[in-house]
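# Structural features, examined
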Amino acid sequence: MIQKITRHAFTIITIAIVCILISANGLSNSNKIKVDSLSDRYKDLFHLGAAINQDIIFGKDVQSLNIVTSEFNSITPENSLKWLYLQPSPNKFNFIAADKYVALGIKNNMNIVGHALVWHNQLADFMKNTSSSAAFTNHVKNHIHTVVSRYKGKIDAWDVVNEAFKEDGSLRPSVFKKQMGENYIEDVFKLAETADPDADLIYNDYNLYKPAKRAGVLKMVKKLQDNGIKINAIGVQAHWRLKSPSLNEIEQMILDISAAGVDLMFTELDITVLPNPWELVGAEVTQNFSKFEGDPKMDPYPNGLPKEIEIQLAKRYKDIFKLFMKHQDKISRVTFWGVIDQYSWLNDWPIKGRTNYPLLFNREYQPKLAYKTLANLIEN
Ligand code: XIL
């Protein structure tokens, strides 16, 4: 009898333990689902990335670094691989930050982007002052060969040329065009391919939702393709606003770029919530906006983002991502230009010293409503 009772008790206890284990496992699973990172949620659609600054690369901003390694699966160096920092004077390379950046990406098994090989901004002064075209071209060859070969097989995709076109779709009269001639884009894409035949090669620019500029860029893409020169993708800088570009403009851009037979990457996404000086004074980007510095009308939210604007921002991100999801077969990456609002370049551009809120994480490193909205767009 006693033996029977003991057996029964044993069975009941075993069942109870199994039940507890099953429910605990269920709980931890549902917890795990709740904390799925943003890039995990979007992993079947496209890479989700962030541009990272020197403080993140060197581990000084640990909280941002944690966000990057847990929420994103692609990185772009915000400044560290620009010419000015890599080769400030002729053949004197500084790879300290770049090496750290690449090691960080490898350690965390991330898609690693190189930004940017050929750009008229943040270029070393010696390049602007080189008088002989032959010497200039040799510097470009040396730069691309040295930098791209160093990270061969490690950097997955290069922004080979950045911002080479004007708004009317003609070639920008940059120092590269002046020194190397009309065909310099083809030349530098060839150099990049030679240095790392397996890396994805990108042409990157802003305002490609505008038809005239896009037409100029796509003409260049066709020329490269016709000449058998490798170009994998168009990088769309998406420094956008709450109301513009319209979803129709964005969709037309996605369709046109994809129809040109190249991949599409949103390489620099952020959305300003602040007044735009161009709406007030026209569209001349070379204008100096320093006269607006300290003007409270241009910096309306220094002490926090009003709830209704936070909701507008989340809705704008949601609308944009729904479009990205619709066209996910044409899009291989979406990268945010920064991690937390505090360190966004949009606090200082186009007017210095403002308080902007363009990203998914706030100044306390917490996910904003926009983050939650994007997370909820994907079913667990
Ligand atoms: C910006 C950086 O975010 C700033 O820190 C820097 O002072 C200027 O450049 N298009 C680009 C990026 O391709 O390299 C720019 O990054 C933003 C516009």
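Residues numbered from 1 in each chain as written. Predicted model: local features only at pLDDT ≥ 70, side-chain atom pairs only at ≥ 80, totals over all residues. Heavy atoms only, no water.

## As for unusual backbone geometry
- With an omega of -5 degrees, the peptide bond running from histidine 115 to alanine 116 counts as cis.
- On the secondary structure map, alanine 116 appears in strand S3 (residues 111-118).
- Each neighbour pair has its own omega, and for serine 244 with proline 245 the value is -5 degrees, a cis peptide bond.
- Along the polypeptide, proline 245 turns up in the loop between strand S6 (233-241) and helix H12 (247-259).
- Even without glycine at this site, asparagine 91 takes up a positive phi of about 60 degrees.
- One non-glycine residue, asparagine 207, lies in positive phi territory at about 55 degrees. (Helix = DSSP H or I, 4+ residues; strand = E, 2+ residues; numbered from the N terminus.)

## Considering the layout of surface pockets
- The volume enclosed by the second largest pocket comes to roughly 210 Å³.
- What lines the second largest pocket is Phe165, Gly169, Leu171, Glu182, Ile185, Glu186, Gly216, Lys219, Met220 and Lys223.
- At the level of secondary structure, the elements contributing two or more residues to the lining of the second largest pocket comprise helix H10 (184-195) and helix H11 (211-226).
- The dominant element in the lining of the second largest pocket, judged by the number of residues it contributes, is H11, at 4 residues.
- Taken together, the residues of the lining of the second largest pocket sort by class into 4 nonpolar, 2 polar and 4 charged. (1 Å grid on protein atoms, 1.4 Å probe; cavity = no way out; pocket = protein on both sides within 12 Å on 5 of 7 lines; lining within 4 Å. Points joined across faces, edges and corners; volume = space filled by probe spheres on them. Nonpolar A, V, L, I, M, F, W, Y, C, P; charged D, E, K, R; others polar.)

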